[in-house]
Amino acid sequence: MPRFAHRQGVFLDTGSGKGGVSVIQRVGIFYNDQAGHSQSARLARQFAAKAAKQGIQSAYITAPSVDEAITAVAKAAHRYDALVAIGGDGTLNLVATAFLRAKKTVPLGIIPGGTVNNLAHQLNIPPLPLIAIDRLVTAMTQDHTVSIGIGQCGDHAFVSSLVFGALADISNQVRQQEKRKFGPIVYLAKGVQLLVTNRSYRIEMIHDGGSETSRIWTGLVTTTNGVGRVQYIPDDESDLLHVSLLHHFRWNETLTYLRYFLSGHFDQMKGVTYFTTEKLRLVPVNAKHTIRLRLDGDKGPALPMTIRWRPRYLPVLLPKEGK
């Protein structure tokens with residue numbers, strides 16, 4: 001029987017593995033050369049060489065556009081025993097989206113190669129790619145996975161976070177080239193430009209059998225109670241989506257906001273509403289306003305949108321505890 005564990009805010013459905021010779025013999029390696037510092041092709045070759053020593057055959061999967069990549073990964077889900085994704089949360093988002101559209105999942109191996117790597121951190125996957133490769137090959141030979149929940153937004157997935165409002169507007173103005181060149185500091189520069197307008201939106205939220213309308217400066221929906229290295233909500237037993245809404249931004253509270261964000265006590269901020277839910281529908285009150293989402297660090301669809309929790313959906317290859 002599988003066992004369940006709760007680690008770092010991530011609910012895990014832990015398979016026992018089958019022992020003996022691994023059933024994982026053919027693996028597709030998906031990588032995005034635009035992620036992180038564009039070392040993904042080299043890491044793909046390094047993983048393939050390590051896997052080959054264990055009798056695991058590898059094939060490379062890449063594509064020139066997001067749509068073509070989703071199609072390629074969806075097809076690969078029917079062809080291979082497992083998939084390996086090299087990149088950050090955006091790359092993992094693409095793979096999970098492909099699984100949703102293919103209506104099929106296979107064990108997923110993660111080699112961090114992005115700028116932030118939120119999900120990899122939550123799963124305690126080593127940030128050093130070569131160590132992550134060694135652990136991934138071990139998990140494959142053990143045929144051992146844990147199943148984690150993801151969010152679904154229309155036919156898009158999100159594995160870590162969904163953002164809407166001012167912070168999404170800020171991030172949507174940051175180009176990938178700027179992010180790779182300047183790192184997180186570029187968000188601060190873009191943010192100063194946007195914060196002058198103090199923009200907020202009136203949004204109707206429908207969840208848990210009720211409806212409410214509120215003016216929201218920024219909304220954050222996460223699959224865990226933390227983002228990256230900040231655990232902003234205390235540990236709980238809610239295997240659900242975590243929703244945090246900041247209703248107003250005040251310049252004279254900037255240092256307070258920063259302290260709460262860095263300490264992880266986001267739920268203690270004034271003007272913040274927090275709740276957990278399985279399903280959330282967001283509808284702009286003013287239909288003329290285009291409120292675009294940000295999914296795992298990349299630009300997403302616009303509201304209105306229904307957001308759903310998909311518990312224990314994604315099987316992730318991780319070595320057994322203590323290995």
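For the structure, see preceding data.
The structure contained in this document is the topic of the report that follows. (Residues numbered from 1 in each chain as written. Predicted model: local features only at pLDDT ≥ 70, side-chain atom pairs only at ≥ 80, totals over all residues. Heavy atoms only, no water.)

## So, the nonpolar core
Turning to step 1, where the next piece is worked out: Residues L83, F99 and I110 are the most contacted members of the largest nonpolar core, which totals 36 residues.
Turning to step 2, where the next piece is worked out: Where this core is concerned, the elements lending two or more residues are α2 (66-76), β5 (82-87), α3 (89-102), β6 (108-112), α4 (118-122), β7 (145-153) and β18 (305-317).
Turning to step 3, where the next piece is worked out: The element that contributes the greatest number of residues to this core is α3, accounting for 8 residues.
Turning to step 4, where the next piece is worked out: Every residue in contact with L83, bar those within four places of it in the chain, is listed here: V27, G28, I61, V73, A76, A77, F99, V106, P107, L108 and G109.
Turning to step 5, where the next piece is worked out: Core analysis: the second largest hydrophobic core is formed by 22 residues, L162, I291, L295 and I307 among them. (Core = buried A, V, L, I, M, F, W, Y, C linked by side-chain atoms within 4.5 Å. Buried < 20%, exposed > 50% of the residue type's maximum accessible area, 1.4 Å probe, protein only. Helix = DSSP H or I, 4+ residues; strand = E, 2+ residues; numbered from the N terminus. Contact = heavy atoms within 4.5 Å.)

## Digging into the environment of P311
Turning to step 1, where the next piece is worked out: For P311, the position within the fold is in strand β18.
Turning to step 2, where the next piece is worked out: Residue P311 is classed as partly exposed on the basis of its relative accessible area, which comes to 37%.
Turning to step 3, where the next piece is worked out: Leave out the neighbours within four places in its chain, and P311 touches G149 and D239.

## Thoughts on the packing of aromatic side chains
Turning to step 1, where the next piece is worked out: This model, assessed by the stated rule, comprises 1 aromatic pair.
Turning to step 2, where the next piece is worked out: Between Y31 and Y60, the aromatic rings sit 6.4 Å apart at their centres with planes inclined by 80°, giving edge-to-face as the arrangement. Within this pair, whereas Y31 is found in strand β3 (residues 26-31), its partner Y60 is found in strand β4 (residues 57-61), the two being separated by 29 residues in sequence.
Turning to step 3, where the next piece is worked out: The exposure class assigned to Y60 is partly exposed, which follows from its relative accessible area of 46%. (Phe/Tyr/Trp six-rings, centres within 6.5 Å; stacked < 30°, edge-to-face > 60°.)

## Digging into the pattern of salt bridges
Turning to step 1, where the next piece is worked out: Within the structure shown, the criterion is met by 3 salt bridges.
Turning to step 2, where the next piece is worked out: Taking the shortest distance from any N to any O, the salt bridge between D134 and K50 comes out at 3.0 Å. Of this pair, D134 sits in helix α5 (residues 129-142) while K50 sits in helix α1 (residues 40-52), placing them 84 residues apart in sequence.
Turning to step 3, where the next piece is worked out: Residue classification places D134 among the partly exposed positions, given a relative accessible area of 36%.
Turning to step 4, where the next piece is worked out: For D155, the salt bridge is made with R101, and the minimal N-O distance between the two is 3.4 Å. (Salt bridge = Lys/Arg side-chain N within 4 Å of Asp/Glu carboxyl O.)

## Concerning unusual backbone geometry
Turning to step 1, where the next piece is worked out: Cis geometry is found at the peptide bond from L303 to P304, where omega equals 10°.
Turning to step 2, where the next piece is worked out: Within the secondary structure layout, P304 lies in the loop between β17 (298-302) and β18.
Turning to step 3, where the next piece is worked out: One non-glycine residue, N124, lies in positive phi territory at about 60°.
Turning to step 4, where the next piece is worked out: When you line up the elements, N124 lands in the loop between α4 and α5.
Turning to step 5, where the next piece is worked out: Judged by relative accessible area, which is 35%, N124 ranks as partly exposed.
Turning to step 6, where the next piece is worked out: Notably, D296 is not glycine yet its phi reads approximately 50°, a positive angle.
Turning to step 7, where the next piece is worked out: Within the secondary structure, D296 sits in the loop between β16 (292-295) and β17.

## Considering the pairing of strand β9 (residues 161-165)
Turning to step 1, where the next piece is worked out: Where burial is concerned, most of β9 is hidden: 5 out of the 5 residues are buried.
Turning to step 2, where the next piece is worked out: With 5 bridges connecting them, β9 and strand β12 (residues 218-222) associate as antiparallel partners. Counterpart to V163 in the pairing with β12 is L220.
Turning to step 3, where the next piece is worked out: Here β9 runs beside β16; their pairing, made up of 2 bridges, is antiparallel. Following the sheet pairing, L162 is matched in β16 by L295. (Pairing = 2+ DSSP bridges.)

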